[in-house]
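The chain contents come next:
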Amino acid sequence: MRIDIISVLPELMESPFQTSILKRAMQKGLAEVHFHQLRDWSLGKHRQIDDEPYGGGAGMIMMIEPIDKCISELKSQRAYDEVIYLTPDGETLTQKIANTLSIKENLIFLCGHYKGIDQRVRELHITKEISIGDYVLTGGELAACVLADSVIRLLPGVLNDEQSALTDSFQDNLLAPPIYTRPADYKGLKVPDILLSGNLKKIEEWQHEQALKITLEKRPDILE
Ligand code: 6GU
């Protein structure tokens, strides 16, 4: 998978891809992430990429021309499955969206800033608009990192067995059951006996029951 991320602040997104699991995914060649400084496609010596809104009002609007130039250049090099605009008014990111995107080949992420982008960019290029939740960030960069992380970790070969995505919370519309490691008794706080029993079938039943119970308590909205 290849992800091209367009932003005025690409440096904000460097470290997540240079650390741990995402770094290894890149080193193994399972994912490529390319950053594009939007100002490189700006007009004039002031490297302007935003301007005042027609009709007045507070805040600046990201101009169509630099964005169109950047996206058009990328599209001339390869076919993209989706051009995703990260914006608080987009569809809220879910595991289902991450799963769907994880089988794509080439993606563009456009990070919004200021008051947002000229409407005509949406009409011309954007195929999907994604938000990471009902709160406002200073820009789409951190959301782009969250989206990329949620997608890249699903690519075959990125996680090992122990980290398997199949047992994640949300993957089957259930939260994960409680988990324990040594010691079996810490200052009188005990691991449930069933987990020490060695009876795999009973353990799986218990874990499923616990997952149901916890989901009902904490997130009844995700239960089917
Ligand atoms: Cl994608 N962008 C911004 N600026 N704020 C957000 C967001 C995106 N998702 C949630 N809040």
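Residues numbered from 1 in each chain as written. Predicted model: local features only at pLDDT ≥ 70, side-chain atom pairs only at ≥ 80, totals over all residues. Heavy atoms only, no water.

**Student:** Teacher, can you tell me more about the overall build of the protein here?
**Tutor:** The helix and strand tally for the protein stands at 7 helices and 9 strands. Taken over the C-alpha trace, the protein has a radius of gyration of 22 Å; the compact-globule value for 224 residues is 17 Å, which it surpasses by more than 25%. With respect to the three principal axes, the spread of C-alpha positions in the protein is 70 × 40 × 35 Å. Once local pairs closer than 6 in sequence are excluded, the contacts in the protein between residues at least 24 apart make up 74%. Accessible surface, the protein as shown: approximately 13,400 Å² in total, 52% of it carbon and sulfur. Side-chain charges of the protein comprise 25 positive and 34 negative groups, with the mean position of each set lying 4 Å from the other. (Helix = DSSP H or I, 4+ residues; strand = E, 2+ residues; numbered from the N terminus. Rg over C-alpha atoms; globule rule 2.2 N^0.38 Å. Contact = heavy atoms within 4.5 Å. Areas by Shrake-Rupley, 256 points an atom, 1.4 Å probe, with all protein chains shown as cover. Lys, Arg positive; Asp, Glu negative; His and termini not counted. Charge placed at Lys NZ, Arg CZ, Asp CG, Glu CD.)

**Student:** What's the story with the domain arrangement of the protein in this structure? I'm lost.
**Tutor:** A common way to express how large an interface is: the accessible area buried when the components associate. As far as domains go, the protein holds domain 1 (2-152) and domain 2 (172-223). Just the C-alpha atoms count here: the centres of domain 1 and domain 2 sit 38 Å apart. (Domains from an automatic or database assignment.)

**Student:** Help me understand helix 7 (residues 200-218) in this model?
**Tutor:** An α-helical turn contains 3.6 residues, so any two residues separated by three or four positions project in the same direction. Here helix 7 spans 26 Å end to end across 19 residues, near enough to the 27 Å set by a 1.5 Å rise per residue. Listing the buried residues of helix 7 in full gives Ile 203, Trp 206, Gln 210, Ala 211, Ile 214 and Thr 215. Buried positions in helix 7, seen along its axis, are confined to an arc of 165° and lie on one side of it. More than 90 degrees from the buried face of helix 7, the exposed residues found are Lys 201, Glu 209 and Leu 216. In the core, the buried residues of helix 7 are packed alongside helix 6 (193-196). (Expected span 1.5 Å × (residues − 1). Buried < 20%, exposed > 50% of the residue type's maximum accessible area, 1.4 Å probe, protein only. Arc of directions from axis to C-beta.)

**Student:** Can you walk me through the nonpolar core in this structure?
**Tutor:** As a rule of thumb, soluble globular proteins bury nonpolar side chains together. By size, the foremost hydrophobic cluster in this structure holds 31 residues, and its most contacted members are Ile 3, Ile 5, Phe 17, Phe 109, Leu 147 and Ile 152. For this core, the secondary-structure elements that each account for two or more residues are strand 1 (2-7), helix 1 (20-27), strand 5 (82-92), helix 3 (95-101), strand 6 (106-111) and helix 5 (141-152). Broken down by element, this core gets its largest block of residues, 7 residues, from helix 5. Other than its neighbours up to four places away in sequence, Leu 147 contacts Ile 84, Leu 86, Leu 93, Leu 101, Phe 109 and Ile 130. With 18 residues, the next largest nonpolar core counts Val 8, Leu 38, Leu 110 and Ile 117 among its residues. (Core = buried A, V, L, I, M, F, W, Y, C linked by side-chain atoms within 4.5 Å.)

**Student:** Looking at this structure, I do not really get the pattern of salt bridges. What am I missing?
**Tutor:** Any two side chains of opposite charge can pair, given that their charged atoms come close. Across all of its chains, the model carries 12 salt bridges by this definition. Measuring nitrogen to oxygen at the nearest pair gives 3.1 Å for the salt bridge that ties Arg 47 to Asp 40. Residue Asp 89 is joined to Arg 122 by a salt bridge in which the shortest nitrogen-to-oxygen separation is 3.7 Å. Separated by 33 residues along the polypeptide, Asp 89 in strand 5 and Arg 122 in helix 4 (residues 119-124) bring together distant segments of the chain. (Salt bridge = Lys/Arg side-chain N within 4 Å of Asp/Glu carboxyl O.)

**Student:** Could you clarify how one ought to interpret the packing of aromatic side chains in this entry?
**Tutor:** Here the distance between the centres and the angle between the planes together describe a pair of aromatic rings. Summed over the entire model, instances satisfying the criterion amount to 1 aromatic pair. Relative to Phe 35, the ring of Phe 17 has its centre 5.8 Å away and its plane inclined at 65°; by these criteria the two rings are edge-to-face. Of this pair, Phe 17 sits in the loop between strand 1 and helix 1 while Phe 35 sits in strand 2 (residues 32-37); the two residues are 18 residues apart in sequence, bridging distant segments of the chain. The exposure class assigned to Phe 17 is buried, which follows from its relative accessible area of 5%. (Phe/Tyr/Trp six-rings, centres within 6.5 Å; stacked < 30°, edge-to-face > 60°.)

**Student:** Is there a simple way to explain the sheet that holds strand 2 in this structure?
**Tutor:** Pairing between sheet strands relies on hydrogen bonds along the backbone, with the strands arranged either parallel or antiparallel. With respect to topology, 5 strands assemble into an open sheet ordered 2-1-6-5-7, the strand pairing being parallel. Of all strands in the sheet, those bounded by a partner on one side alone are strand 2 and strand 7 (128-131). For this sheet, the mean angle separating the axes of adjacent strands, direction not counted, is 30°. Note: strand 1 against strand 2, 6 bridges, orientation parallel. Counted as the bridge partner of Ser 7 is Gln 37 from strand 2. Against the sheet, helix 2 (residues 64-77) engages strand 1, strand 2, strand 5 and strand 6, with an angle of about 165° to strand 1. (Pairing = 2+ DSSP bridges. Axes fitted to C-alpha atoms, helices over the stretch in contact; angles between N-to-C directions.)

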